[in-house]
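Residue-level structural notes
The lines below spell out each chain.
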Amino acid sequence: MGAPLLEQELSLYDPALLLSLDFFRSPAKFNPRISAAVPGEPWLKVRPLQTGDYHRGFLQILSQLTKVGDVSLTQFLNRFAQMRASGDYYVTVIVDTRLDKIIGSATLVLERKFIHGCGTRGRLEDVVVDDTYRGKQLGKLIVVTVTLLADQLGCYKMSLDCKDKLIPFYTSIGYVLEPGNANTMNIRYEAGAGVVSNRTAGHGNQPDDTEPS
């Protein structure tokens, strides 16, 4: 695997942002100590997503997390360009430089608000690390990296949704469950079919007086 030689690959965001992150600000414990700048092995590299990563297995690593679908190179590059132009997407990857292969990824999405003085909320999405690289603290590394990045970019908070079994992991990194706000609710859409499902993690019937006010 590996990307074809390109005259110039584009990064989704400025790679220098990762080099300035202070990992001592995170409550996460690394043993041995690693960071985005020094990920623990000389053949590992943490960097922004690049245009050539379509050929480095980026979509394949995402398929270990969820359904990706049949995405062409043109679709990938168009979506990359849209994300880069918006300035609100910070897809960060871990590369095995020996194989020129993406082995991990996480995404920070900036959600711009009117509340909190027109503040910005960060959302952690699509966290995945190849199972064959277990034991190198890479899951913790990629999450802490984008978490610190959100702080550096001025977010007033960072949010995520996770399965119950992952709560201890995220707690160890500094995330907390908010009382009364632990449910995740979604409406999913299917092309041409409108709303196809309404899923909630809540329990029991909701009272009648739950409309926003």
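Along each chain, numbering runs from 1 in the same order as the chain's sequence is written. At least 70 in pLDDT is required for a residue's local features to be given in this predicted model, at least 80 for side-chain atom pairs to be given and counted, and no such filter applies to totals for whole chains, interfaces and linings, which use all residues. As a rule here, side-chain values come from all non-hydrogen atoms in the structure, and water together with hydrogens is ignored.

Some words on the packing of aromatic side chains
- The criterion for an aromatic pair is that two Phe, Tyr or Trp rings (for Trp, the six-membered ring) have centres within 6.5 Å, with stacked assigned to planes under 30 degrees apart, edge-to-face to planes over 60 apart and tilted to the rest. Applying the stated criterion across every chain, the model contains eight aromatic pairs.
- With a centroid separation of 6.3 Å and an interplanar angle of 40 degrees, the aromatic rings of Phe76 and Phe80 are classed as tilted. In this pair, Phe76 and Phe80 both sit in helix 3 (residues 73–86), four residues apart, roughly one turn of the helix. Both residues of the pair, Phe76 and Phe80, count as buried.
- An angle of 90 degrees between the planes, with centres 5.9 Å apart, marks the rings of Tyr170 and Tyr175 as edge-to-face. This pair shows no difference in class: Tyr170 is buried, exactly as Tyr175 is.
- Through pairs of rings, three or more aromatic residues link up here, namely Tyr54, Phe58, Phe76 and Phe80.
- Only Lys NZ and Arg CZ are tested; either one counts as a charge over a ring when it is within 6 Å of the ring centre and within 35 degrees of the ring normal. Between the NZ or CZ atom of Arg98 and the centre of the ring of Trp43, over which it lies, the distance is 3.5 Å. The helix and strand labels rest on DSSP assignments: H or I over at least four residues marks a helix, E over at least two residues marks a strand, and numbering proceeds from the N terminus. We call a residue buried when its accessible area falls under 20% of the maximum for its residue type, exposed when it is over 50%, and partly exposed in between, using a 1.4 Å probe and counting protein chains only.

Considerations on the nonpolar core
- One finds Phe23, Leu49, Phe58, Leu108, Leu124 and Leu138 to be the most contacted residues of the largest nonpolar core, which totals 48 residues.
- When residues in this core are grouped by element, the largest group, nine residues, is from helix 5 (residues 138–152).
- Pairs of residues are marked as contacts when any of their non-hydrogen atoms sit within 4.5 Å. For Leu124, the residues in contact, after removing those within four places along its chain, are Ala106, Thr107, Val143, Val146, Met158, Ser159, Leu160, Tyr170 and Tyr175. What we call a nonpolar core is a set of buried Ala, Val, Leu, Ile, Met, Phe, Trp, Tyr and Cys residues that are connected through their side-chain atoms within 4.5 Å.

What to know about the pattern of salt bridges
- A carboxyl oxygen of Asp or Glu within 4 Å of a side-chain nitrogen of Lys or Arg is what we treat as a salt bridge. Inspection of the entire model under this criterion finds 12 salt bridges.
- Lys136 is the salt-bridge partner of Glu41, the closest N and O atoms lying 3.1 Å from each other. Here Glu41, found in the loop between helix 1 (16–19) and strand 1 (44–48), pairs with Lys136, found in the loop between strand 4 (120–129) and helix 5; they are 95 residues apart in sequence, far enough to count as distant.
- Since its relative accessible area comes to 28%, Lys136 is described here as partly exposed.
- Close ionic contact of Lys113 with Glu111 constitutes a salt bridge, the shortest N to O distance being 2.5 Å.
- Lys113 sits in the partly exposed class, given a relative accessible area of 23%.
- Where salt bridges share partners, they join Glu9, Arg47, Asp53, Arg56 and Asp100 into one cluster.

Considering the layout of surface pockets
- Site definitions follow a grid-based scheme: protein atoms alone, a 1 Å grid, a 1.4 Å probe that fits but cannot get out for cavities, and for pockets an open set with protein on both sides within 12 Å along at least five of seven lines, plus lining residues having an atom within 4 Å of a point. Grid points are joined across faces, edges and corners, and a volume is the space filled by probe spheres set on the points. Considered as a void within the structure, the largest pocket measures approximately 2100 Å³ in volume.
- Lining the largest pocket are 48 residues, and of these Leu160, Asp161, Cys162, Lys163 and Tyr170 lie nearest its centre.
- In terms of residues, the lining of the largest pocket owes the most to one element, strand 4, which gives eight residues.
- For this classification, the nonpolar set comprises Ala, Val, Leu, Ile, Met, Phe, Trp, Tyr, Cys and Pro, the charged set comprises Asp, Glu, Lys and Arg, and every other residue, Gly included, is treated as polar. For the lining of the largest pocket, a count of residues per class yields 20 nonpolar, 13 polar and 15 charged.
- There is about 760 Å³ of room inside the second largest pocket.
- Elements with a minimum of two residues in the lining of the second largest pocket: helix 2 (58–62), helix 3, strand 2 (89–96), strand 3 (101–112) and strand 4.
- Of the residues forming the lining of the second largest pocket, the biggest block, seven residues, is contributed by helix 3.
- For the lining of the second largest pocket, the per-class residue count stands at 12 nonpolar, six polar and four charged.

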